[in-house]
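What follows is the residue order along each chain.
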Amino acid sequence: MTEEDTPCPLCEGTKNIYKRTLQYGSRLLACSTCSLQFVHPFPPLGKNFYDQDYYRSWGVDGNKLPDHVKQLKEANMNEHVKSIQKYFQSGSILEVGSAMGSFLKMACEKGFDVTGLDLSHQACELAQTEAPKAKVLQGTLETVDIEAESFDVIFLSDLVEHIIRPAHFWKELTKLLKNKGIFYITTPDPEHWSCYMAGNSWIHFKEEHLIFYPQNAIKWVCTRYGLTLVDFSHIKKYTNLCYIAAQAKQFGPKSLDKGFSSLNNLLYKKWTECLFPLPLGEARFVLLKADRD
Ligand SMILES: [Zn+2]
C-alpha cells in the first residue's frame, strides 16, 4: 500500500493528495473524499504526548497553573462561554479534554451544569479545584459511563486535532448530544492565511496534532452524522509574552527560545504578562444536531 492509498481515518477513502513533509518527519496528506488532512504515519499507539512536559509548555510548575497562564486561559474561555450563550442561556455542557478546568470554571460561573472529561489524573485534580461545582471525570469516552442525549452543548477546544480515530469519536459523541444541541469546536484551520504564510513553521504543526479539519471536512462530518454547520469563523486568542516564551521553549527551535527568553528578561514582568489577542490560525465551528423529519 502506498501512502496515496492509505485509508483516511475519517471516511476510510483511499485516495489522498500529498501536501507537505513536516519538520519532525511525518508527511501530511489530504483525503480526496472528505478533505481531512492527516499525518502519515500516525505515531505508534501508546505514545504519550500528554505527560508532565506537555503541561510544562503551559507554564505548569509542580501541580499549579501560574496566575498569568490562568488569566489568559480564563480570558479565552470566557469569550467561548459568551459565544455559547448566544445559543443557550443555561443547560448542560460537556467539555471533552477539560485540561486544567479553565472552561469548566467560567461556564459554572455563568450557571451552566458542567461536566469535564480528561485523560490526565493531574489535570482532573486541578480542574476539580478550579471548578468545585463541575463534575470532573477521568478517562475516555470508552471508559466513563455517560448517558445518551445528556448534553445541550459539547465543547471541544483544541481537541479534535489530537484524535486518532475521528470516525469513532464523532459517532460516539453525537449520541451524547440532545436533539437541537450543539457542538462548539475550536481547531487549527489549515486553510488559514497564517498556515500559507508560515509553511512548515506553522505554530500548529506539532507532533501531537494528527489531523486537521478544513471547512469542507467539517461539512463532511455534518453530512455523515446528521449535523448542520451554523457558524464558521476565525478566532483570535488572548496570549502574553510569558506564555509564548514557555511554548517556544517546549516546541520551538533553540534560536526562538533564546530570543523570547532574552526579550522577557529585558521587559518589566508586568509587561510580559499583559494580555493581547492574536490571530493564530484557529477556527470556530458550531454544529447543530437536529433530527430529520
Ligand atoms: Zn476522508
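Just so we're clear, the structure is a prediction, and the values are computed from it rather than from any experiment.

Enquirer: Quick one: what's the story with the overall build of the chain, residue by residue and with numbers?
Expert: Regarding its fold elements, the chain presents 10 helices and 11 strands. Counting only residues that meet the buried cut, the chain has 37% of its 293 residues in that class. For the chain, the share of sequence-separated contacts (at least 6 apart) that also reach a separation of at least 24 residues comes to 68%.

Enquirer: Summarise the sheet that holds strand S5 (residues 113-118); cite the residues concerned and give the values.
Expert: Across the sheet, which stays open at both edges, the seven strands sit in the order S6-S5-S4-S7-S8-S11-S10 with mixed pairing between neighbours. In the strand order of this sheet, the two ends are held by strand S6 (135-138) and strand S10 (227-239), each with one partner. Put simply, the sheet's adjacent strands are angled 20 degrees from each other on average, direction ignored. Packing against the sheet, helix H2 (residues 67-84) makes contact with strand S7 (151-157), strand S8 (177-188) and S10, and its axis sits at approximately 155 degrees to S10. Contacting S5 and S6, helix H4 (residues 121-130) runs over the sheet at an angle of about 175 degrees to S6.

Enquirer: Give me the lowdown on the sheet that holds strand S3 (residues 37-40), citing residues and values where you can.
Expert: Spatial ordering of the open sheet is given by S1-S2-S3-S9, a layout of four strands whose pairing is antiparallel. For this open sheet the edge positions go to strand S1 (16-21) and strand S9 (211-212), each flanked by a neighbour on one side alone. Of the pairings in the sheet, the one linking S1 to strand S2 (residues 27-31) comprises five bridges and is antiparallel in character. From the neighbouring strand, Ile 17 faces S2, where its bridge partner is Ala 30.

Enquirer: Any chance you could break down the environment of Cys 124 for me, citing the residues and the numbers?
Expert: Mapping Cys 124 onto the fold places it in helix H4. Judged by local crowding, Cys 124 falls into the buried class, with 21 C-beta atoms found within 10 Å. Counting along the chain gives 14 residues from Cys 124 to Gln 138, while the straight-line C-alpha distance between them is 6.3 Å. If near-sequence neighbours (up to four positions away) are discounted, Cys 124 is found in contact with Asp 118, Val 136 and Gln 138.

Enquirer: Explain the environment of Tyr 225 residue by residue, including any values.
Expert: As for its placement among the helices and strands, Tyr 225 is situated in helix H7 (residues 215-225). Between the alpha carbons of Tyr 225 and Lys 289 there is a distance of 8.6 Å; along the sequence they are 64 residues apart. Sequence-distant contacts of Tyr 225, defined by excluding residues within four places in its chain, comprise Trp 170, Lys 171 and Thr 174.

Enquirer: With reference to specific residues and values, describe H4.
Expert: For H4, the set of buried residues is Ala 123, Cys 124, Leu 126, Ala 127 and Glu 130. Down the axis of H4, the smallest arc covering the buried residues is 165 degrees, so these residues share one side. Elements in contact with the buried residues of H4: helix H3 (102-109), S5 and S6.

Enquirer: Run through the nonpolar core, naming residues and quoting values.
Expert: Counting residues in each nonpolar core, the largest one holds 66 residues, and the members touching the most others are Leu 36, Ala 127, Ile 154 and Phe 183. Here Phe 183 is in contact with Ile 154, Leu 156, Leu 177, Leu 227 and Leu 287, once residues within four sequence places are set aside.

Enquirer: Lay out the environment of Ser 150 in plain terms, naming residues and giving numbers.
Expert: Examined against the element boundaries, Ser 150 turns out to sit in the loop between S6 and S7. When the C-alpha positions of Ser 150 and Leu 94 are compared, they lie 8.8 Å apart, and in sequence the two are 56 residues distant.

Calculation criteria
- Residues numbered from 1 in each chain as written.
- Predicted model: local features only at pLDDT ≥ 70, side-chain atom pairs only at ≥ 80, totals over all residues.
- Helix = DSSP H or I, 4+ residues; strand = E, 2+ residues; numbered from the N terminus.
- Buried ≥ 20, exposed ≤ 12 C-beta atoms within 10 Å, placed from the backbone.
- Contact = placed C-beta atoms within 7 Å.
- Pairing = 2+ DSSP bridges.
- Axes fitted to C-alpha atoms, helices over the stretch in contact; angles between N-to-C directions.
- Arc of directions from axis to C-beta.
- Core = buried A, V, L, I, M, F, W, Y, C linked by C-beta atoms within 7 Å.

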